[in-house]
Amino acid sequence: MRLLLLAPPGAGKGTQGERLADRLAVRHVSAGERLRAEARAGTPVGREIAAYLDRGDLVPDAIVFDVLSPVVVAAVGDGGYILDGFPRTLPQATAAAALGARLGLTLDAAVHLYAPEAVLVRRLLARAGQGGRSDDTSAVIRHRLQLFTTTTSPLIDYYRDRGILLAVDADRPPEAVTTEILARLSDRSPIRGTT
Ligand code: AMP
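Since the model is a prediction, treat every value here as computed from it, not as a measurement.

Here the structure, examined in full by the defined rule, presents 2 aromatic pairs. For the ring pair F65 and F86, a centre distance of 5.4 Å and an interplane angle of 75 degrees mean the geometry is edge-to-face. On the criterion of sequence distance, the pair formed by F65 in helix α4 (residues 61–78) and F86 in the loop between β3 (81–84) and α5 (90–103) is long-range, its members being 21 residues apart. Taken as a pair, F65 and F86 share a single burial class, namely buried. Where Y158 meets Y159, the ring centres are 4.9 Å apart and the plane angle is 85 degrees; that geometry is what we call edge-to-face. One Lys or Arg, R55, reaches over the ring of Y52 and ends 5.0 Å from the middle of that ring.

Our focus in this paragraph is the pairing of strand β1 (residues 2–6). The two faces of the sheet receive side chains in turn, since in a regular strand these alternate between them. Of all 5 residues in β1, 5 are buried, a share of seventy percent or more. Burial along β1 is two-sided: R2, L4 and L6 facing one way and L3 and L5 facing the other are all buried. Both β1 and β3 contribute to a ladder of 4 bridges, which runs parallel. For R2, the partnering residue across the bridge sits in β3 and is Y81. Across 4 bridges, β1 lies against strand β4 (residues 109–114) in parallel orientation. Residue L3 lies in a different strand from β4, and its bridge partner there is A109.

Near the ligand lie 16 residues; those nearest to it are K13, D57, G85, R88 and Q92. Here a nitrogen atom of the ligand sits 3.0 Å away from a polar atom, N or O, in the main chain of V59. Between the ligand and the protein, one listed contact pairs an oxygen atom with a side-chain N or O atom of R88 at 2.9 Å. Out of a free accessible area of 480 Å², the ligand has 96% covered by protein chains. Of all the elements, helix α2 (residues 31–41) adds the most residues to the shell around the ligand, at 4 residues. Residue composition of the shell around the ligand, grouped by class: 7 nonpolar, 3 polar and 6 charged.

The next subject is the confidence of the model for the chain. Confidence along the chain averages 92 in pLDDT terms, with 96% of residues attaining 70 or more. When pLDDT is averaged over each element of the chain, β4 comes out on top at 98 and α5 at the bottom at 86. Contacts from residues 191–195, a stretch scored under 50 in pLDDT, to residues over four places away or in other chains number 17 contacts.

A few words on unusual backbone geometry. Here the residue pair F86 and P87 is connected by a cis peptide bond, since its omega of 0 degrees sits within 30 degrees of zero. In this fold, P87 is placed in the loop between β3 and α5. One non-glycine residue, A25, lies in positive phi territory at about 55 degrees. Relative to the helices and strands, A25 is located in the loop between α1 (13–24) and β2 (27–30). Since its relative accessible area comes to 68%, A25 is described here as exposed.

The rules behind the values
Residues numbered from 1 in each chain as written. Predicted model: local features only at pLDDT ≥ 70, side-chain atom pairs only at ≥ 80, totals over all residues. Heavy atoms only, no water. Phe/Tyr/Trp six-rings, centres within 6.5 Å; stacked < 30°, edge-to-face > 60°. Helix = DSSP H or I, 4+ residues; strand = E, 2+ residues; numbered from the N terminus. Buried < 20%, exposed > 50% of the residue type's maximum accessible area, 1.4 Å probe, protein only. Lys NZ or Arg CZ within 6 Å of the ring centre and 35° of its normal. Pairing = 2+ DSSP bridges. Near = heavy atom within 4 Å. Polar contact = N/O pair within 3.5 Å; in protein donor to acceptor, adjacent residues only side chain to side chain. Areas by Shrake-Rupley, 256 points an atom, 1.4 Å probe, with all protein chains shown as cover. Nonpolar A, V, L, I, M, F, W, Y, C, P; charged D, E, K, R; others polar. pLDDT = per-residue confidence, 0-100. Contact = heavy atoms within 4.5 Å.

Put into structure tokens, the structure is as follows:
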């Protein structure tokens with residue numbers, strides 16, 4: 001199974017990515033985790049990435065591709081993957097589609113997790129209270145939500161137009177969300193889309 005998770009911050013992308021990867025026995029490729037690991041490593045590019053992460057800005061597409069391409073290529077070699085947070089911009093989606101044409105990177109579904117903004121903010125602030133991430137402060141959370149609306153949400157139509165969008169209400173307990181995604185994927189199979 002080859003999935004993309006498309007969701008605003010706080011919708012549970014990371015949680016669902018782990019759960020789905022576990023249930024489907026495929027790799028979980030988290031763009032945010034990879035970028036945070038690079039930032040922690042403190043390399044020159046890592047320091048550049050850290051500045052974007054702390055501000056809640058999107059990391060430039062060229063850097064994202066440098067960091068993620070090897071991970072995505074390895075996941076493609078394994079046959080199945082959950083792409084969590086990549087692609088996140090239209091240029092990334094078209095570049096991933098071009099890479100896909102060469103490497104066999106295809107998507108069975110793009111899962112759009114949605115929830116009311118008040119729920120997203122509440123979850124992210126709760127995570128901040130547990131000593132979470134440097135980008136879980138109130139101002140940065142607002143900025144990340146806004147960037148999702150302006151820059152990432154056009155991907156919802158992009159994948160709907162390709163016939164592979166699966167929209168799922170994420171304002172429910174994690175197990176209910178996972179169960180619905182798996183049920184709807186098995187209803188749809190063997191539909192095969194492309195990036
Ligand atoms: P996430 O863990 O998905 O919430 O991502 C955390 C942060 O990583 C985002 O706020 C961005 O700064 C950066 N990021 C993650 N994925 C991407 C991407 N595909 N393109 C650009 N920046 C990204």
